[in-house]
Amino acid sequence: MNKKKERLPVSTVEAVALQKSGRKFIYEPTEKIPVIEVGNYPELGRIAALRFIEWVQANPEGVVSLPVGKTPEHFIRYFSYYIKNWSTADVGRELKEFGIDSTRYPKMDMLQFVQSEEFYPINPQQSNSFRYFILKYYIREFGMNIKRALLMDAWNIGIPEHLTPDDVFENNIVDLTLRTRYGSTRSERLQKEVISQVDQYCTDYEVQVRERGGIGFYLGGIGPDGHICFNVRGSDHFSTTRLTSTNYETQAAAATDLGGIEVARKRLVITIGLSTLTQNPDTTAIIMAAGESHARVIKNSIECPANNLYPASALHKLPNARFFLTSGAASLLVERVYENVKALDPLPAQEIERIVVDLALDKNKKAEELNKADYESVRSSRWILSKTGQAPAGINRTVQKSLMRKIDRGLATIENDIFMHTAPHHDDIMLGYWASIIHLVRSPLNQHHFNYMTSGFNAVTNTFTAHLLENVVNHIDTPEFTQLLAQGYFDPDNTVGRNRDVYQYLDGVAAHSRSMKNEGLARRTLRNLMFIFEEDNIPQLRNRIAEMILYFKTQYPGKKDMHYIQQLKGMTREFEADLLWGYLGFHSAHVNHLRLGFYGSGLLGSTVDQNRDVETVLALMRRIQPTVVTCAFDPEGSGPGTHYKVLQTMAKAVRIYSQETGRSDIRIWGYRNVWFRFHPSEADIMVPVSLNSMANLEDSFRNCFVSQAEASFPSYELDGPFSRLSQRIMVEQYQMLKTCLGREFFNESEHPRLRATHGLVFIKEMGVDAFYESATKLRKSTEKIDSVPTAETDNESAENDES
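Per chain, residue numbering runs from 1 following the sequence as it is written. Only residues with pLDDT of at least 70 are given local features in this predicted model, and only at 80 or more are side-chain atom pairs given and counted; all residues enter the totals for whole chains, interfaces and linings. Hydrogens and waters are ignored; side-chain quantities use all the structure's heavy atoms.

S.K.: How should the pattern of salt bridges be read in this particular structure?
M.R.: Side chains that differ in charge, positive against negative, can pair when their charged atoms come close. One speaks of a salt bridge when a side-chain nitrogen belonging to Lys or Arg is within 4 Å of a carboxyl oxygen belonging to Asp or Glu. As enumerated under the stated definition, the model contains 53 salt bridges in all. Across the pair Glu14 and Arg322 runs a salt bridge, and its minimum N-O distance is 2.9 Å. Taken together, the residues span a long stretch of sequence, with Glu14 in helix 1 (residues 12-21) and Arg322 in strand 9 (residues 321-326) at a distance of 308 residues. Classification of Glu14 as buried rests on a relative accessible area of 1%. Across the pair Glu335 and Arg379 runs a salt bridge whose closest N-O atoms are separated by 3.3 Å. Note that Glu335 is positioned in helix 12 (residues 334-343) and Arg379 in helix 15 (residues 379-388), a separation of 44 residues in sequence. One salt-bridge network, in which partners are shared between bridges, spans Arg23, Glu31, Glu37, Arg336 and Glu339. Strands are runs of DSSP state E lasting at least 2 residues, helices are runs of H or I lasting at least 4, and numbering of each runs from the N terminus. Think of it in three bands: residues with accessible area under 20% of the maximum for their type are buried, residues over 50% are exposed, and the middle band is partly exposed, with areas taken using a 1.4 Å probe on protein chains only.

Below, the structure is given as structure tokens:
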């Protein structure tokens with residue numbers, strides 16, 4: 001019987017990347033589609049850019065469809081780097097390494113771009129429309145010819161000349177039931193006609209794509225539900241271009257682009273279908289994905305037979321379809337997991353613990369009860385027995401003791417430490433390890449400093465800010481405010497006044513008094529306005545407030561705000577953090593708002609600057625002199641962009657500070673919250689969480705983070721505020737340990753905190769060198785593209801390119 005020939009890539013770029021990864025191209029029959037695996041998110045963009053260059057050289061007049069949003073950030077940066085530095089020796093060497101002919105500069109102006117998706121309805125001049133993104137980056141930045149592009153019109157089709165979609169569809173609600181029923185009013189009959197014309201437009205669009213021979217090169221991401229383009233979970237694999245609705249996961253993912261979930265829930269989409277994407281059998285289709293949060297949907301898309309539940313499985317039939325994945329995204333692919341285990345020599349204790357914990361969870365058994373038959377039933381655990389030569393009982397005891405030791409560390413009293421708590425966003429700390437902090441702050445022998453790296457203005461909606469301003473209007477002429485103004489209460493240097501803003505609001509929380517809380521909000525908002533505009537003249541401030549309220553009522557959600565609007569929104573978030581720590585008795589001197597410069601509202605954002613960002617954090621470290629530094633820990637760089645930029649900044653600052661002071665004893669506490677999880681084997685400290693702590697989390701979140709209480713920018717995992725998701729994660733982590741250690745370990749413990757446990761917080765503790773090393777690979781992979789300019793001049797309308 002002939003052995004089946006191993007599949008190999010036909011692309012030289014893919015072959016080189018594959019060789020560097022040490023993997024097979026595809027592990028058949030388990031995997032149904034080949035995979036190129038890389039170390040981190042930036043490297044993903046690099047390989048995709050090189051593969052695109054290779055394809056363009058071979059197909060200079062080909063049909064291409066490229067991604068929008070966060071997915072292509074590093075793809076765009078790397079492609080721009082290569083084409084702008086094509087003749088340099090460094091780029092020449094890199095191109096040669098990947099088998100690309102550096103004498104053939106890629107011709108972009110003859111390519112035919114096809115837009116694959118768009119929100120509906122949306123004005124193409126809005127900076128959050130996909131058409132705007134395409135014009136800005138792919139037409140202008142990449143140099144493609146707009147006359148050869150096929151772009152979607154999600155604004156004008158079917159709309160009478162004197163109207164806009166805002167006039168036709170009240171509150172932007174497009175009722176697709178009108179496809180199959182009579183319109184009961186004149187307005188509904190007009191809507192029905194418009195929908196009918198959009199449907200015909202979609203059919204015509206499909207014809208145009210097919211007339212071009214179909215898509216030759218497709219690069220895209222994958223959604224939390226597995227969607228590609230806007231083909232959400234359950235989409236027919238024979239679907240074509242259409243106007244359709246989406247699901248909650250997709251709406252949550254789009255909330256940031258559209259200005260909130262309230263907007264995203266109403267918005268429909270136009271998307272090419274799965275059949276549109278796969279009708280050309282020679283299509284090179286690449287799906288990029290990064291991070292463990294994608295691992296489950298990636299596993300289903302690659303390993304399960306083609307199924308409507310997994311839209312990307314429609315690509316199985318394309319010989320040139322690929323998944324480009326980071327190690328985290330590929331972390332559940334069974335053949336690769338087993339290969340990882342076999343490659344380790346010696347087998348680290350952490351890896352043994354991971355396998356045994358997973359085995360206990362799979363068998364729903366306590367770790368100590370796992371027997372040889374259990375170990376033999378799974379290849380990874382069977383390999384442990386073979387590799388270590390130990391009996392199951394010995395391995396079980398070691399893992400059990402390790403887990404118990406981690407929980408003991410979470411119960412231990414910590415004193416005489418100086419904590420430098422850091423966060424990318426203002427609710428990251430509390431969502432990550434609030435239950436730990438409320439125990440740490442009880443000892444007066446500890447010092448705590450809470451440090452926020454960004455202003456967080458992107459998380460505040462226009463509607464909420466308008467309500468804040470209206471609240472100021474309701475208070476500004478009251479006798480109380482007149483007296484405060486006369487006393488100099490709102491002077492920028494009045495620290496006592498700033499603290500009184502917090503006390504006023506929290507007194508309202510204690511009294512269940514909305515009016516007291518509103519007065520506290522009005523005090524701080526007026527203080528912020530006087531600082532921003534350098535104005536203490538009340539009539540002038542009234543005019544400013546009126547202008548801003550009008551601005552918020554007339555601007556489309558998701559639009560990039562003017563600087564002073566961003567400043568007001570950011571200072572609103574900062575006040576929320578002040579309120580949180582006021583809950584625990586800390587005043588403004590303990591809370592630092594750094595507003596690092598890399599944070600912005602551009603489509604691709606800015607990069608970390610050594611002098612601007614790192615030096616700011618370093619100066620703070622010199623003042624605080626911490627013994628413990630906490631940091632949101634995402635070494636793969638695949639989550640919110642702010643997280644990995646803060647990680648880079650902190651790693652550099654901690655390293656320099658350690659070298660300056662000669663101190664190597666600084667402990668780094670890496671935490672994760674609603675975006676990522678630690679596996680129990682990765683955690684070093686497990687903090688028990690009681691129902692009381694959970695109630696405290698919920699209450700403080702809802703009362704302090706008032707701009708987030710309505711969950712305008714939620715996680716795709718939960719339709720609700722982040723505090724609820726944080727609690728759910730803590731409960732899930734507790735359930736894992738309860739399975740591994742047994743119910744009686746907690747319920748029958750002599751320690752009251754263990755008996756009261758219903759959740760766990762996981763923390764990873766590192767030394768300076770280990771922390772720095774974890775961020776070094778990521779930083780090195782982005783260094784050469786950080787200085788490359790891209791089309792980030794948002795004040796220029798991308799629509800100018802259409803002329």
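S.K.: Where do I start with the packing of helix 13 (residues 349-363) against helix 15 in this structure?
M.R.: Packed helix pairs are specified by the crossing angle of their axes together with the interaxial distance, meaning the distance between the axes. Between helix 13 and helix 15, the shortest axis-to-axis distance is 9 Å and the interhelical angle comes to 135°. One element, helix 13, and the other, helix 15, form an angle in the oblique class. Helix 15 is crossed by helix 13, and the crossing has left-handed handedness. Along its contact with helix 13, which presents Ile352, Ile355, Val356 and Leu359, the element helix 15 presents Ser380, Ser381, Ile384 and Thr388. For helices, the axis comes from a line fit to the C-alpha atoms of the stretch in contact; other axes are also lines fit to C-alpha atoms, and the angle between any two N-to-C directions lies between 0 and 180 degrees. In what follows, roughly perpendicular refers to angles from 65 to 115 degrees, roughly parallel to angles under 35, roughly antiparallel to angles over 145, and oblique to any angle outside these ranges. Helix crossings get a hand from a simple test, with the near helix turned counterclockwise from the far one by less than a right angle marking a left-handed crossing and a clockwise turn marking a right-handed one. The contact criterion used is simple: two residues touch if any of their non-hydrogen atoms lie within 4.5 Å.

S.K.: Even after reading the chapter, I still don't get the environment of Phe79, so can you show me in this structure?
M.R.: Within the secondary structure, Phe79 is located in helix 3 (residues 73-84). The exposure class assigned to Phe79 is buried, which follows from its relative accessible area of 0%. Considered as a pair, Phe79 and Gln400 are 321 residues apart in the sequence and their alpha carbons are 49 Å apart. In this structure, Phe79 is in contact with Ala49, Phe52, Ile53, Met108 and Phe142, ignoring residues within four places of it in sequence.

S.K.: Would you mind showing me how to read the packing of aromatic side chains here?
M.R.: How two aromatic rings sit relative to each other is given by the distance of their centres and the angle of their planes. Ring pairs are drawn from Phe, Tyr and Trp, using the six-membered ring of Trp, whenever the two centres fall within 6.5 Å, and their geometry is named by plane angle: stacked under 30 degrees, edge-to-face over 60, tilted for the rest. Tallied over the entire structure, the rule returns 33 aromatic pairs. Here the aromatic rings of Phe133 and Tyr137 are separated by 4.7 Å at their centres, their planes lie at 45°, and the arrangement is tilted. Of this pair, Phe133 and Tyr137 both sit in helix 5 (residues 130-141), four residues apart, roughly one helical turn. For the pair shown, Phe133 and Tyr137 are each scored as buried. Ring-pair connections join several aromatic residues into one group, and the members of that group are Phe52, Trp55, Phe75, Phe79, Phe113, Phe133, Tyr137, Tyr138, Phe142 and Phe217. In this structure, Lys342 packs its charged tip against the face of Trp383, placed 5.3 Å from the ring centre. Geometrically, a charge over a ring is one whose NZ (Lys) or CZ (Arg) sits within 6 Å of the ring centre while staying within 35 degrees of the ring normal.

S.K.: How should the side chain of Thr572 be read in this particular structure?
M.R.: Structurally, Thr572 is set in helix 23 (residues 563-583). The class of Thr572 is buried, set by a relative accessible area of 8%. Contact partners of Thr572, with chain neighbours within four places excluded, come to Phe464, Leu468 and Asn528.

S.K.: Got a minute to help me understand helix 1 in this structure?
M.R.: Structurally, the α-helix is built with 3.6 residues per turn, so residues lying three or four positions apart point the same way. Within helix 1, burial applies to Val13, Glu14, Val16, Ala17 and Leu18. Close packing links the buried residues of helix 1 with strand 1 (35-38), helix 2 (41-58), helix 4 (89-97) and strand 9. For helix 1, the capping residue at the N-terminal end is Ser11, with a side-chain oxygen 3.2 Å from the backbone nitrogen of Val13. Of the residues flanking the end of helix 1, it is Gly22, one or two places downstream, whose phi is positive at about 75°. N or O atoms within 3.5 Å of each other form a polar contact, as long as, within protein, one can give a hydrogen and the other can take it, and as long as residues adjacent in sequence are counted only when both atoms are side-chain atoms.

S.K.: Help me understand the pairing of strand 5 (residues 217-220), please; the structure alone is not making it clear to me.
M.R.: Remark: a regular strand shows side chains that alternate across the two faces of the sheet. Where burial is concerned, the two faces of strand 5 agree: the one with Phe217 and Leu219 and the one with Tyr218 and Gly220 are both buried. A pair of strands is treated as paired once DSSP finds two or more bridges between them. Relative to strand 5, strand 2 (residues 63-65) runs parallel, the two being bridged by two bridges. Following the sheet pairing, Ser65 is matched in strand 5 by Tyr218. As paired strands, strand 5 and strand 8 (residues 284-289) are joined by four bridges and run parallel to one another. Bridging from a neighbouring strand, Leu219 pairs with Ile286 of strand 8.

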